[in-house]
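# Residue-level structural notes
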Amino acid sequence: MISYALDLYRQMLLSIKRGSHNGCKSVAKPIFLISLIDTIPFLQKNLFEVNNTKLIEVYKANMIQYGQNSKTPMYLPYFHLHSEPFYKILWKNPERTIKLAHSPSSKVLSEYTSGATLDEELWALLQDKGNRNYLRKCIIETFLTKE
């Protein structure tokens, strides 16, 4: 049975803002989200860095599987997902965020952040394999399946 909280997060995940290029919506954020979901069992706590090797490896594999040869580096959706209500970048110096006029590089993100986190309630829901599979399937069916 789908809980109210799980359905609420499903709606949030399926409502993410996505960029577009030449009229095509980007799949980088959805692929980053399924990669993060796939990596949850390997994380010890609700904190993941932009240079997490397992997350990068899973993102690259998912990008090949779903990305239609897209070469969007992981640090871009990692950064741009901060506009969503369930995701937060932990800046070492919060004033630094005001000065960012463009997408920071992976190096800048590594230097100026402690990582990123999900809402605690979403993190708790993702500890359950069934919930991970459900949300992963919803993301794939919504964003990554050709009609």
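Residues numbered from 1 in each chain as written. Predicted model: local features only at pLDDT ≥ 70, side-chain atom pairs only at ≥ 80, totals over all residues. Heavy atoms only, no water.

### What to know about the pattern of salt bridges
Under the definition given, this model contains five salt bridges. A salt bridge links Asp 7 to Arg 10, with the shortest nitrogen-to-oxygen separation between them at 2.8 Å. Of this pair, Asp 7 and Arg 10 are both found in helix H1 (residues 4-13), three residues apart, which corresponds to roughly one turn of the helix. Taking the relative accessible area as the measure of exposure, Arg 10 reaches 21% and is therefore partly exposed. Between Lys 54 and Glu 57 there is a salt bridge; the shortest N-O distance is 3.6 Å. You can see Lys 54 and its partner Glu 57 sitting in helix H3 (residues 53-66), three residues apart, about one turn around the helix. Residue classification places Lys 54 among the partly exposed positions, given a relative accessible area of 27%. Since its relative accessible area comes to 48%, Glu 57 is described here as partly exposed. (Salt bridge = Lys/Arg side-chain N within 4 Å of Asp/Glu carboxyl O. Helix = DSSP H or I, 4+ residues; strand = E, 2+ residues; numbered from the N terminus. Buried < 20%, exposed > 50% of the residue type's maximum accessible area, 1.4 Å probe, protein only.)

### Let's talk about the environment of Lys 92
Along the polypeptide, Lys 92 turns up in the loop between strand E3 (87-91) and helix H5 (106-112). Sequence separation of Lys 92 and Tyr 9 is 83 residues, and the distance between their C-alpha atoms is 27 Å. The contacts of Lys 92, once residues within four sequence positions are left out, are Ser 110, Glu 111, Tyr 112, Thr 113 and Ser 114. Looking at Lys 92, its side chain comes within polar contact range of the main-chain oxygen of Glu 111, at 3.3 Å. (Contact = heavy atoms within 4.5 Å. Polar contact = N/O pair within 3.5 Å; in protein donor to acceptor, adjacent residues only side chain to side chain.)

None of the figures reported here should be taken as evidence of function without further support.
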